[in-house]
Amino acid sequence: KEKEKEKVAPSVGRGGKRAQAKAEAAAAKAAADAAAAAVKADPKSENTPTGAKADPSAKADPSAAAADPSSACALCCQEKLMFEPLPMWCTCCNERIKKHQVYYYAVPEGGGNNAQMAKSVYCHKCYTDTKTQFAVEDKQIPKSALVKKKNEEEMEEAWVQCDKCERWLHQICALFNGRQNDGGDVSFTCPLCCLKDLETGKRKPIDKRPKTLMGACEYPQTKLSDYLEDRVARSMKQEVADMAKKENCAEKDVQTVNPGELAIRVVSSVEKRVETKEKFLQVFGGSGFPSTMPYRSKAILLFKKIDGVDVVLFTMYVHEFDKGCSGPNSRRIYLSYIDSVKYFTPERTSAYGGALRTFVYHDLMLGYLEYVRNRGFTSMYIWSCPPSQGEDYILYCHPQRQKTPKPDKLREWYLTMLRKACEQRIVHSVTNLYDQLFHRRPNDPPEKLISTKLPYFEGDYFPGAFEDFLKMIEDEENGDAGGANAAAPAGSKKAAGGSKKGKGGGKKKQENDKEVIRRKDGKLIEKLSEVITKKNCDANGRAMSMELKHEFIIVNLFPTCSCCGTYVEGTSYVCPPCGTKEEYRLCGACNAIIATSSGDSRKLPEGVVLSEMVQEDVGKHGDTKDPDPPGEPSEFFDTRQNFLSLCQGNHYQFDTLRRAKHSSMMVLYHMHNPQAPGFAATCNVCGIEMQADARAYRCDECSDYDVCEACRRSPNFKHEHPLRPTGAAVGSATQEDRERVERMQQLHRTMQLLVHASACSDRHCPSTNCMKVKALFQHGLTCPTKVAGGCMLCRRMWNLLQIHAKGCRTPNCPVPRCRDLKEYRRRAAQVQEDRRRQAWMQMHRQQGMQQPQGMQQPQQQGMQHAAAYGGAPPPPPPPPPPSRRG
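Here the structure is a predicted model, which is why all the values come from computation and not from measurement.

Concerning the packing of helix α6 (residues 223-247) against helix α8 (residues 356-375)
- Two elements in contact, α6 and α8, have axes separated by 9 Å at closest approach and are oriented at 135°. Judged by the inter-axis angle, α6 sits oblique to α8. Crossing geometry of α6 relative to α8 is assigned as right-handed. Of the residues in α8, those touching α6 at Lys223, Leu224, Tyr227, Leu228, Arg231, Val232, Ser235, Met236 and Glu239 are Leu356, Phe359, Val360, Asp363, Leu364, Leu366, Gly367, Tyr368, Glu370, Tyr371 and Asn374.

Some words on the environment of Gln389
- Structurally, Gln389 can be placed in the loop between β12 (379-383) and α9 (407-423).
- Taking the C-alpha atoms as reference points, Gln389 and Ala839, 450 residues apart in sequence, are found 9.4 Å from one another.

Regarding unusual backbone geometry
- In this chain, Thr345 is followed by Pro346 through a cis amide linkage whose omega measures 0°.
- Within the fold, Pro346 resides in the loop between β11 (332-340) and α8.
- Unusually for a residue other than glycine, Asp307 sits at a positive phi of about 60°.
- Tracing the chain through its elements places Asp307 in the loop between β9 (292-306) and β10 (309-321).
- A positive phi is found at Arg331, a non-glycine position, where the angle reads about 60°.
- Checked against the element boundaries, Arg331 lands in the loop between β10 and β11.

Some thoughts on the nonpolar core
- Counting 122 residues, the largest nonpolar core has Met316, Tyr368 and Tyr414 as the members making the most contacts within it.
- For this core, the leading source of residues is α8, giving 11 residues.
- Ignoring any residue separated from it by four or fewer positions in sequence, one finds Tyr368 in contact with Leu224, Leu228, Ile300, Met316, Val318, Glu320, Ile333 and Met380.
- One finds Leu754, Ala757, Cys760 and Cys813 within the second-largest nonpolar core, a separate group that totals 17 residues.

As for the layout of surface pockets
- If you add up the space inside the second largest pocket, you get close to 1300 Å³.
- Contributing to the lining of the second largest pocket are 33 residues, with Ala174, Cys194, Ile206, Pro210 and Leu213 lying nearest its centre.
- Sort the elements by how many residues they give to the lining of the second largest pocket and helix α5 (residues 191-200) lands first, with five residues.
- When its residues are assigned to classes, the lining of the second largest pocket shows 20 nonpolar, eight polar and five charged.

Details of the pairing of strand β15 (residues 571-575)
- By the bridge criterion, four bridges tie β15 to strand β17 (residues 614-617) in an arrangement that is antiparallel. If you follow Tyr573 over to β17, its bridge partner there is Gln615.
- Sheet analysis places β15 next to strand β16 (residues 584-587), joined by four bridges and oriented antiparallel. When the bridges of β16 are listed, Cys575 appears paired with Tyr584.

Observations concerning the pattern of salt bridges
- Applying the stated criterion to the full structure yields 31 salt bridges.
- Across the pair Lys527 and Glu476 runs a salt bridge, and its minimum N-O distance is 3.2 Å. Note that Lys527 is positioned in helix α12 (residues 513-532) and Glu476 in helix α11 (residues 461-487), a separation of 51 residues in sequence.
- The shortest N-O distance in the salt bridge between Lys523 and Glu477 comes to 3.5 Å. In this pair, Lys523 is assigned in helix α12 and Glu477 in helix α11, connecting sequence segments 46 residues apart.
- Residue class for Lys523 comes out partly exposed when judged on its relative accessible area of 27%.
- Connected through salt bridges with shared partners, the residues Glu271, Arg296, Lys298, Glu320, Arg375 and Asp626 form a single ionic network.

Some thoughts on the pairing of strand β13 (residues 429-432)
- Because side chains alternate across β13, one face comprises the buried residues Ser429 and Thr431, and the other comprises Val430 and Asn432, equally buried.
- Here β13 pairs with strand β14 (residues 552-556) via four bridges, running antiparallel. Within β14, the position partnered with Thr431 by the bridge is Ile554.

Topic: α8
- With 20 residues, α8 extends 29 Å from end C-alpha to end C-alpha; this agrees with the ideal 28 Å at 1.5 Å per step.
- The buried fraction of α8 is high, at 17 of 20 residues.
- After α8 finishes, the residue Gly376 shows a positive phi value of roughly 115°.

Thoughts on helix α13 (residues 588-596)
- Taken together, the buried positions of α13 are occupied by Cys590, Asn591 and Ile594. Angularly, the buried residues of α13 cover 100° about the axis, an arc narrow enough to put them on a single face. Exposed and oriented more than 90 degrees from the buried face of α13 are Ile593 and Thr596.
- For α13, the secondary structure elements touched by its buried residues are β15 and β16.

Side note on the state of the cysteines
- Applying the stated criterion to the full structure yields zero disulfides.
- Residue Cys93 stays outside any disulfide, its sulfur separated by 3.6 Å from that of Cys126, the closest cysteine.
- By relative accessible area, which is 28% here, Cys93 ends up partly exposed.
- Distance from the sulfur of Cys194, which forms no disulfide, to the nearest cysteine sulfur (Cys190) is 6.7 Å.

Things to note about the sheet that holds strand β2 (residues 121-123)
- The sheet built from three strands is open, its strands ordered β2-β1-β5 with antiparallel pairing. The sheet terminates laterally at β2 and β5 (147-150), the two strands that pair on one side only. Looking at each pair of strands side by side, their axes are set apart by 35° on average, direction ignored.
- Relative to β2, strand β1 (residues 102-105) runs antiparallel, the two being bridged by three bridges. Bridging across to β2, Tyr103 finds its partner in Cys123.

Overview of the sheet that holds β11
- With mixed pairing, seven strands are arranged side by side in an open sheet as β8-β9-β10-β11-β12-β14-β13. One side of each edge strand has no neighbouring strand; the edge strands of this open sheet are β8 (262-275) and β13. Direction aside, the axes of adjacent strands within the sheet are offset by 25° on average.
- Pairing geometry for β8 and β9, over 13 bridges, is antiparallel. Across the sheet, residue Ala263 finds its bridge partner in β9, namely Phe303.
- Those strands touched by α8 are β8, β9, β10, β11 and β12, and its axis lies near 35° from that of β10.
- Across the sheet, α9 touches β11, β12, β13 and β14, and the angle it forms with β14 is around 10°.

Cut-offs and rules
Residues numbered from 1 in each chain as written. Predicted model: local features only at pLDDT ≥ 70, side-chain atom pairs only at ≥ 80, totals over all residues. Heavy atoms only, no water. Axes fitted to C-alpha atoms, helices over the stretch in contact; angles between N-to-C directions. Helix = DSSP H or I, 4+ residues; strand = E, 2+ residues; numbered from the N terminus. Parallel < 35°, antiparallel > 145°, perpendicular 65-115°, else oblique. Left-handed = near helix turned anticlockwise from the far one by under 90°. Contact = heavy atoms within 4.5 Å. Core = buried A, V, L, I, M, F, W, Y, C linked by side-chain atoms within 4.5 Å. Buried < 20%, exposed > 50% of the residue type's maximum accessible area, 1.4 Å probe, protein only. 1 Å grid on protein atoms, 1.4 Å probe; cavity = no way out; pocket = protein on both sides within 12 Å on 5 of 7 lines; lining within 4 Å. Points joined across faces, edges and corners; volume = space filled by probe spheres on them. Nonpolar A, V, L, I, M, F, W, Y, C, P; charged D, E, K, R; others polar. Pairing = 2+ DSSP bridges. Salt bridge = Lys/Arg side-chain N within 4 Å of Asp/Glu carboxyl O. Expected span 1.5 Å × (residues − 1). Arc of directions from axis to C-beta. Disulfide = S-S within 2.5 Å.

What follows is the structure, given as C-alpha cells:
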C-alpha cells in the first residue's frame, strides 16, 4: 500500500509534506483525483480501502493532505521520520560500508534493483583492486556485471489512519501491529479517540489483553526466570530500605521499581553443539580432544513497564556445558553476549553507589551465577569484548546518549559485579585465563598439553586465534624445510631427492605423533602468550596499555586445587592467605600424594606447612541437570545474530523511547507467535518492503520472487510464470494463517522424505515419493543447465537442500551437498568472528595510544585468585552499565 501511494501521490510522502515543483504537485493531484473518481464509480472494486490501512491516500485526498498543515502525526506532531539504513559490510575486506559511500553488488537471482537482497557487496577499494572477476557463492561473476550504488537508501516510517476521527498517525506512535491487520479489515481506533471514549463512558477499560498485545508477564515462566525474578524483587526491596535509611526518609518516599514492573523471561533454551575447527582437530584430535561438544544455549530478556508498555532493557546469551560434556568445557558456563538500552527508570543512584539500573543488571547476573552454582557448574568464562563503534550485538540501534563502552570500562563493570559476588559468597575467586591455565602445575606430567585444557567456546577469541596461529606454525615449519632444501647445492643428492631418507633407507629416526603434538602445543601457547601479555609502549618504553590477558575473565564458583588445578569436591586442605601470601588449597588426592612423599618431592611453596593446613569440606558438586526442559527451536531468538537480524530486517530500532516501545511490542508478538513470519516480503522489482496487509503476488516457480501491486499493474511488467495473490489480495488473514501452517507441515514432511531418500538403497522402495526424490537427485547430477542456467527443477531441489542444511545437526548427514552447505555457513560465521577479533585488537591499539604516560595497572592484585568470602578489595564507585555486549 505504501508503494501504491508513492506511485499515486509522490508529493504526499505518507502524510508528510514535501517541497516539490508545481508541475509535480499538479500531476500528483490529477492522479489522486483520477483514483478517487475510479473508487467512487466502482465501490466494490478491489482498490476500495477498508479498515486500518497503512496508505494515507486510501481515505484522504493526497492533495488536501499536502496542503493541510495538520498532515503531521496526531501524537508526535512530526511528519516524515526515517529509519536508520541497514549496516553493510564488504564481502572481500570485511570493512563496513559507511553511509553515502559507493559500493558494488551482484544482481540477485530473479532480477530487480534491490541491493539489500544481494548476498555479496563490495566496497570501492576492493572493486578497484580486483582486475577481472569476483567469487560469489562458488560462482565467478565478471567485474562488469556488478552494479554500482551509493549507500544512502532510507525508509520512512509507516502510517495508519484512525477509522473514527480519520487522523493519520505513525504506526510506531500508535503502537500499531501491522502483522495483525488482517488485510486492512481490522477496525483501528487511535489512542486519542480511545481516551475520549473512556472519558465520556462510551468505552470501558478491558480486563484482559487481546491476543495481539500479549505482554511479557503472559509469556510462559521457567524455574530459572522465577528464581531471577524473586531475587531481583528481594534485592530491590532491600535497596529501598537501605536508601530510606541513608536519606533519612520513609520508604514510600523513595523512588523505586514496583515488583510487577519487571519481568524476566527465558525466550530460548535449545540444545546445540560447538564444533572443533579443522586445524585444531587435525593436531589435537588424536590426543583425545572431542570433535563436538554439546551445550544448551539460553537467551534471557529483562522487560520493564514504561508508561504501561513492556520495554526490553537487558538481554543475555549464555552457553551451559553440563557434566556430560567431554573435554575442557565440562561444567563450564560461557557468557556469550549481553546488551542493554538506556531507558531504565527511575534514573537515580542506588543506595550502594552507581546507577540503579546497574544495580538491577548486576543483581540479575548474580542471581544467574547463584542458580548455576547450585546446579553444580564450577566456573564461568567471560571475554570482555565491547562492540566497535556503530555496531550492535543484540538490540538494534542504541540511543545516541548511550555511549559504546571502552574495553577498560566494560572490564571494570564486570569486575565490580564479581566483587559483589565474592562478598555474597556466590563466587569463590576471580582470575584470568592466562594466570590459571597457561602454566604447568607442580604435579603435571611432561606429556600434558596446555592447549587442550583451555575452554573452547563458539564465538570466543581463542578458537579463531588457534586456527590462525596453527596455520602460521605450519607455514614456518614448511618454510624451514623448504629453506633447508634450497640451501643445498644444485647437484647434491639432497637437492635431487637422492638422500638415503628419500630412498626409504634412512637411519634418521622419525618423530612420533606425540612429539609433534607436544612441539606444536608449546609453539601455540608461546604465540598466544606473546599476544595476550604484550603491552603497547611509547618511544621511551613506558607502558601505554595493559595486557590483554585481563580481558579473559575466569569466575571460579568452587575452589581449585593449587597443585593439580582441578575443582575441589568434598574434603580439601587449606593454608589461609596471610600478608602477601595467597590461599593455598589441596584436594584430597594431592594431599595424600604429598603426605607420602618426602624432601624436595613435596613441591610445596615457601611458607606452606602440610601439617598446619586446615581441613575444610567444600561439599559435593551437583549433577548440573536442568530442571527446565529444552524449548522448541526458535527462528528468531536461538542466536544473537538471528535476534539482531529480526530487528534489522523489520526496523525494530531502540534509538528512541517511542521506537523501543514499538520494537519491544513486536518482539513480544514474535515470542507469543513463533509460527508467524519474521520478515515482510520485499518486491523484487522496485525493492520496497511490503507490509503484511499489502496486496502482493508471489511466483511459486521462482525462488523467493514477490511483486507488489503497483509494479504488477505497471504496463512494462512481465514475468514468465503465473503469480499467486498473497496478503490483502486473498482476503482474511485467518486463511493466510491456515495456509502458512499447512505449508510448514508440508515442508516438515518434505524434509523427512529428503533424509529418507538420501539413505534409502532399496531400488523397489514402496514409497512413490522416495522414487521421485531420487529422480530429482539423478536429474541434478546430469542436468546441463543447472541452477545458474535457469533450470527450475534444479532450483527447487537446491532450495530444499538449503532449508535442510540450515536445521541439520547430524555430523555425517547422507543428504547431498549438506556438508558443503554447512561448510559455507561455517565460513560465513568465521568471517564474523574474524571481524570481531580484528575490531577488538584495533580497539585496544587505539586505547593504548590514548592512555596517559605512567598508566597504572588495574586492581589485579585483588582479582588474581581473589580470596572468597570477603577477601576481595573494597570496590571503587562502579561505572555506568555497558551499552553493549560482554
